[in-house]
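Commentary on secondary and tertiary structure
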Amino acid sequence: MTIATTTSEDHSAEHEEHPDLRVWGLLTFLASESLMFGGFFATYLFFRGTTAVWPPEGSEVELLVPTINTIILVSSSFVIHFGDTAIKKNNVKGMQLWYAITAIMGAIFLGGQVYEYSTLGYGLTSNVFANCFYLMTGFHGLHVFVGLLLILRVLWRSRHPDEYSATNHTFIEMTEIYWHFVDIIWIVLFTLVYVLTLF
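Note that the coordinates shown come from a computational prediction; the quantities given were computed from them, not determined experimentally.

Points about the overall build of the protein
Secondary structure assignment for the protein yields 6 helices and 0 strands. Ordered by position in the sequence, the α and β elements of the protein form the string α-α-α-α-α-α. The C-alpha radius of gyration computed for the protein amounts to 23 Å, which surpasses the reference 16 Å derived for 199 residues by more than 25%, pointing to a less compact arrangement than a globule. Overall size of the protein, expressed as C-alpha extent along the three principal axes, is 90 × 45 × 25 Å. In the protein, buried positions account for 40% of the 199 residues. For the protein, restricting intrachain contacts to residue pairs at least 6 apart in sequence, the fraction spanning at least 24 positions comes to 80%. Across the protein, the centroid of the 8 positively charged side chains sits 8 Å from that of the 17 negatively charged ones.

Digging into the packing of aromatic side chains
Under the defined criterion, the tally for this structure stands at 21 aromatic pairs. Arranged with centres 6.2 Å apart and planes meeting at 75°, the rings of Tyr122 and Tyr134 form a pair that is edge-to-face. Of this pair, Tyr122 sits in the loop between α4 (92–119) and α5 (128–157) while Tyr134 is found in helix α5, placing the two residues 12 residues apart along the sequence. Like Tyr122, the residue Tyr134 is buried in the burial classification. Put simply, the rings of Tyr44, Trp54, Phe109, Tyr117, Tyr122, Phe129, Phe133, Tyr134, Trp186, Phe190 and Tyr194 touch in pairs and so form one group of aromatic residues. The ring centre of Phe171 lies 4.1 Å from the NZ or CZ of Arg153, which sits over that ring. Looking at Arg159, its charged tip hangs above the ring of Trp156, at a distance of 3.6 Å from the centre.

Rules behind the numbers
Residues numbered from 1 in each chain as written. Predicted model: local features only at pLDDT ≥ 70, side-chain atom pairs only at ≥ 80, totals over all residues. Heavy atoms only, no water. Helix = DSSP H or I, 4+ residues; strand = E, 2+ residues; numbered from the N terminus. Rg over C-alpha atoms; globule rule 2.2 N^0.38 Å. Buried < 20%, exposed > 50% of the residue type's maximum accessible area, 1.4 Å probe, protein only. Contact = heavy atoms within 4.5 Å. Lys, Arg positive; Asp, Glu negative; His and termini not counted. Charge placed at Lys NZ, Arg CZ, Asp CG, Glu CD. Phe/Tyr/Trp six-rings, centres within 6.5 Å; stacked < 30°, edge-to-face > 60°. Lys NZ or Arg CZ within 6 Å of the ring centre and 35° of its normal.

Have a look at this one:
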């Protein structure tokens, strides 16, 4: 009669934790979003290259508010990184401070975008340029809003003492990666839609 025995190695194999693939999942998602933005940018450049006057008369963009917004958003990438650095040193209060500042900067960016929309004098269906402009900047603004919600989630959950630490900060790291993505997309968008209209 044979009696089956279970070794400690068997138990450890059964309870072996699966690798955390959340960051890779996020990167895969951002790669797909990059393709979508790339489609927007390619379409914009196509219309720009095939239209005699671009942007059409009466559809000009103003640079002051978008430039200020760009400075705020790019700066916020450094600020959120300070928060990530703080939590890796087990400094929860420091992380909360930097993430709160980033949230304020993101809200200011969205407020500036709303103000810009209200003062442009043309709408989504005015012409092809306006259509491209509102779709691209609006879609990006939606991503900023989602990023802001992620930051607020980090701040809300960080109220619990053991929620984040030097060894448990994956969601904070993912939020930072997402925010950097939003920043990079805006730099490309700002260059195409605003800066190139000067030439």
